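Next come the chains, spelled out residue by residue.
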Amino acid sequence: MTKSLLGYGVLAGPVYVLVTLGQALTRDGFDPTRHQWSLLANGPGGWVQVVNFVVTGLMVVAFAVGLRRATAARWAPGLVAVYGVSLVGAGLFRADPALGFPAGAPEGLPAEVSGHGLLHLVCGVVGFVAVAVACFAVGRRCAAEGRRGWTVFSRVTGVGLLVGFAMAAAGQGGAAATLAFTAAVLLVWAWCAAVAVDRYRAVGPTA
């Protein structure tokens, strides 16, 4: 059971990224250098990204349960679970159309944020801060265990996510900010997968 749950930590990232990229390449008007992936939940076919958020979030929660069973740490699994719940929330509460996507959306940011748009933002802030702190918690534990590579990887991931998210929040659709945020999200998924594999190898054969 524990190993099966940890497996979701490996699967969640590729599922989310591949489904998102499939939409980014086929949805008219979507520009990966300008539009954040959350905007794909709007317009015709937006339900695909909504489902992507929800399913991926549930997979992350399952991974967090497996992580709790596979480690003595308490903070990191709980924070990862918060990240998973935030992904579900981000899917249920869509980001407001913006930056010309989908067709008919304002070319800039919306003049007035809707209720669901505000909740989407709150979910993003809570989720990204939670998983960043989880990275720092794992980094601290690995430092105490003398695992230098894991310490650096975890800390770089946490800092990278916070910086990328801050850039996206302030960038207003700029290419550098959007791509930095996308890279940070990809790094987080890589970190989740690596942690899942590491814990998978550490647990007993019958776990």
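Let me sum up the structure you'll find in this document. Because the structure is a prediction, the values reported are computed rather than measured.

### So, the overall build of the protein chain
Next up, step 1: In terms of helices and strands, the protein chain carries six helices and zero strands.
Next up, step 2: Listed N to C, the secondary structure of the protein chain is α-α-α-α-α-α in terms of helices and strands.
Next up, step 3: Whereas a compact globule of 207 residues would reach a radius of gyration of roughly 17 Å, the protein chain reaches 17 Å, a difference of no more than 12%.
Next up, step 4: The dimensions of the protein chain, computed from C-alpha atoms along their principal axes, are 55 × 30 × 30 Å.
Next up, step 5: Per-residue burial over the protein chain gives 46% buried out of 207 residues.
Next up, step 6: A total of about 9,900 Å² of accessible surface is found on the protein chain, and carbon and sulfur atoms cover 68% of it.
Next up, step 7: Taken as two groups, the 14 positive and 7 negative side-chain charges of the protein chain have centres that lie 21 Å from each other.

### What about the nonpolar core?
Next up, step 1: V60, F63, V80, Y83, L161, W189 and W191 are the most contacted members of the largest nonpolar core, which totals 46 residues.
Next up, step 2: Every element with two or more residues in this core is listed here: α1 (2-24), α2 (46-70), α3 (75-92), α4 (115-144), α5 (148-171) and α6 (175-202).
Next up, step 3: Discounting residues that sit within four places of it in the chain, V80 has contacts with V60, F63, A64, L67 and A134.

### With respect to the environment of G91
Next up, step 1: Its location among the elements puts G91 in helix α3.
Next up, step 2: Separated by 53 residues in the primary sequence, G91 and S38 have C-alpha atoms spaced 8.3 Å apart.
Next up, step 3: When sequence neighbours within four positions are dropped, the list of residues in contact with G91 reads V50 and F53.

The rules behind the values
- Residues numbered from 1 in each chain as written.
- Predicted model: local features only at pLDDT ≥ 70, side-chain atom pairs only at ≥ 80, totals over all residues.
- Heavy atoms only, no water.
- Helix = DSSP H or I, 4+ residues; strand = E, 2+ residues; numbered from the N terminus.
- Rg over C-alpha atoms; globule rule 2.2 N^0.38 Å.
- Buried < 20%, exposed > 50% of the residue type's maximum accessible area, 1.4 Å probe, protein only.
- Areas by Shrake-Rupley, 256 points an atom, 1.4 Å probe, with all protein chains shown as cover.
- Lys, Arg positive; Asp, Glu negative; His and termini not counted.
- Charge placed at Lys NZ, Arg CZ, Asp CG, Glu CD.
- Core = buried A, V, L, I, M, F, W, Y, C linked by side-chain atoms within 4.5 Å.
- Contact = heavy atoms within 4.5 Å.

Structural measurements only, silent on function.
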